[in-house]
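So the chains spell out like this:
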Amino acid sequence: MGFITALPWNFVIIIALIALHEMAIPIEGVIEQTLFVLYLGALIFGFINSSNISPNNFTLLIIRSTTSVAVASGFSSYLWWGTENGLSFIYAIGLAIVMINSIISPINSFKTALRDFHTAE
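Throughout, a residue's number is its position along its own chain's written sequence, starting from 1. The predicted origin of the model limits local features to residues at a pLDDT of at least 70 and limits the giving and counting of side-chain atom pairs to 80 or more, whereas totals for whole chains, interfaces and linings rest on all residues. In computing side-chain properties, one takes all heavy atoms of the structure into account and sets aside hydrogens as well as water.

**As for the overall build of the chain**
Point 1. Comment: elements are numbered from the N terminus, with helices defined as DSSP H or I runs of at least four residues and strands as E runs of at least two. Secondary structure assignment for the chain yields five helices and zero strands.
Point 2. Its helices and strands in sequence order give the chain the pattern α-α-α-α-α, from N to C terminus.
Point 3. Overall, the C-alpha framework of the chain stretches about 60 × 30 × 20 Å when taken along its three principal axes.
Point 4. Only protein chains enter the accessibility calculation, which uses a 1.4 Å probe; a residue is then buried when its area is under 20% of its type maximum, exposed when over 50%, and partly exposed in between. Burial status across the chain gives 32% buried among its 121 residues.
Point 5. Any two residues whose heavy atoms approach within 4.5 Å at even a single point are treated as in contact. Sequence separation of at least 24 residues holds for 81% of the intrachain contacts in the chain that already meet a minimum separation of 6.
Point 6. Of the accessible surface of the chain, which amounts to about 7400 Å², a share of 72% is contributed by carbon and sulfur atoms. A 1.4 Å probe and the Shrake-Rupley method give the accessible areas. Residues count as covered only by the protein chains that appear here.

Now the structure itself:
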């Protein structure tokens, strides 16, 4: 379970979406359902990972969150303006989940650190 929660789930989503876009695989049926399960897993495990806090984990979480927001923003901009198809629903949901997870995880991590600091006194 430690490996699963420590995996950078935002980057897993981004890599999956970029790979699907580059290979021009139609997102229908099983692939669409798999992506939704991946999105749900990323939200759950990202939230669990942000509760496991130490100074090194917090720094790594901030770096991952900032980087994933930048990459997701760039990829969504590319899909919106750089392709003929635009930003489809499944890509928009996935990139929105990356953004939400990148914003909520540091907040949850900081909240957990404050709670742990107050209970340690």
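**Side note on unusual backbone geometry**
Point 1. Here the phi dihedral of Ala24 falls at roughly 55°; this positive angle occurs in a residue that is not glycine.
Point 2. Here Ala24 lies in the loop between helix H2 (9-22) and helix H3 (30-51).

**Overview of the packing of H2 against H3**
In a packed pair of helices, the relevant descriptors are the angle between the two axes and the axis-to-axis distance.
Point 1. In this analysis, axes come from line fits to C-alpha atoms, helices being fitted only over the stretch in contact, and the angle between any two N-to-C directions falls in the range 0 to 180 degrees. At a minimum axis distance of 9 Å, the contact between H2 and H3 shows a crossing angle of 160°. Put simply, H2 runs roughly antiparallel to H3. The way H2 lies across H3 gives a crossing that is left-handed. For the pair H2 and H3, the contacting residues are Trp9, Val12, Ile13, Ala16, Leu17 and Leu20 in the first and Ile31, Leu35, Leu38, Tyr39, Ala42, Phe45 and Gly46 in the second. Geometric relationships in this document are graded by angle, where less than 35 degrees denotes roughly parallel, more than 145 denotes roughly antiparallel, 65 to 115 denotes roughly perpendicular, and other angles denote oblique. Left-handed describes a crossing in which the near helix is turned anticlockwise from the far one by less than a right angle; the clockwise case is right-handed.

**Details of the confidence of the model for the chain**
Point 1. Along the chain, pLDDT gives the predictor's confidence residue by residue, from 0 to 100. Within the chain, residue pLDDT values average 86, and 92% of them lie at 70 or more.
Point 2. Within the chain, H2 carries the highest mean pLDDT (92), whereas helix H1 (residues 2-6) carries the lowest (67).

**Quick look at the packing of aromatic side chains**
For any two aromatic rings, the description comes down to two numbers: the centre-to-centre distance and the angle of the planes.
Point 1. For Phe, Tyr and Trp, where Trp contributes only its six-membered ring, two rings pair if their centres lie within 6.5 Å, and the inter-plane angle classes them as stacked under 30 degrees, edge-to-face over 60, or tilted in between. Under the defined criterion, the tally for this structure stands at four aromatic pairs.
Point 2. Grouped by ring-pair contacts, the aromatic residues Phe75, Tyr78 and Tyr91 constitute a single cluster.

**Points about H3**
Point 1. Relative to the 32 Å expected for 22 residues at 1.5 Å per residue, H3 spans 32 Å between its end C-alpha atoms, a close match to the ideal helical length.
Point 2. When we look at burial in H3, the residues that qualify are Leu35, Leu38, Tyr39, Gly41, Ala42, Phe45, Gly46, Asn49 and Ser50. Here, expected helix span is obtained from the residue count minus one, scaled by 1.5 Å.

**A closer look at helix H4 (residues 55-82)**
Point 1. The terminal C-alpha atoms of H4 lie 39 Å apart, and with 28 residues this matches the ideal 40 Å at 1.5 Å per residue to within 8%.
Point 2. For H4, every residue scored as buried is listed here: Leu61, Ser65, Ser68, Ala72, Phe75, Ser76 and Leu79.

**Thoughts on a nonpolar patch on the surface**
Point 1. Here a patch means residues that are over 30% exposed by relative accessible area and free of salt bridges, tied together within 9 Å if like-charged and within 5 Å if nonpolar (Val, Leu, Ile, Met, Phe, Trp, Tyr). Salt bridge criterion: a side-chain nitrogen from Lys or Arg within 4 Å of a carboxyl oxygen from Asp or Glu. Together, Leu43, Phe47, Ile100, Ile103, Ile104 and Ile107 make up an exposed nonpolar region whose accessible area comes to about 540 Å².
Point 2. Where the nonpolar patch is concerned, the elements lending two or more residues are H3 and helix H5 (89-120).
Point 3. Ranked by the residues each element gives to the nonpolar patch, the list is headed by H5, at four residues.
Point 4. Relative to the helices and strands, Phe47 is located in helix H3.

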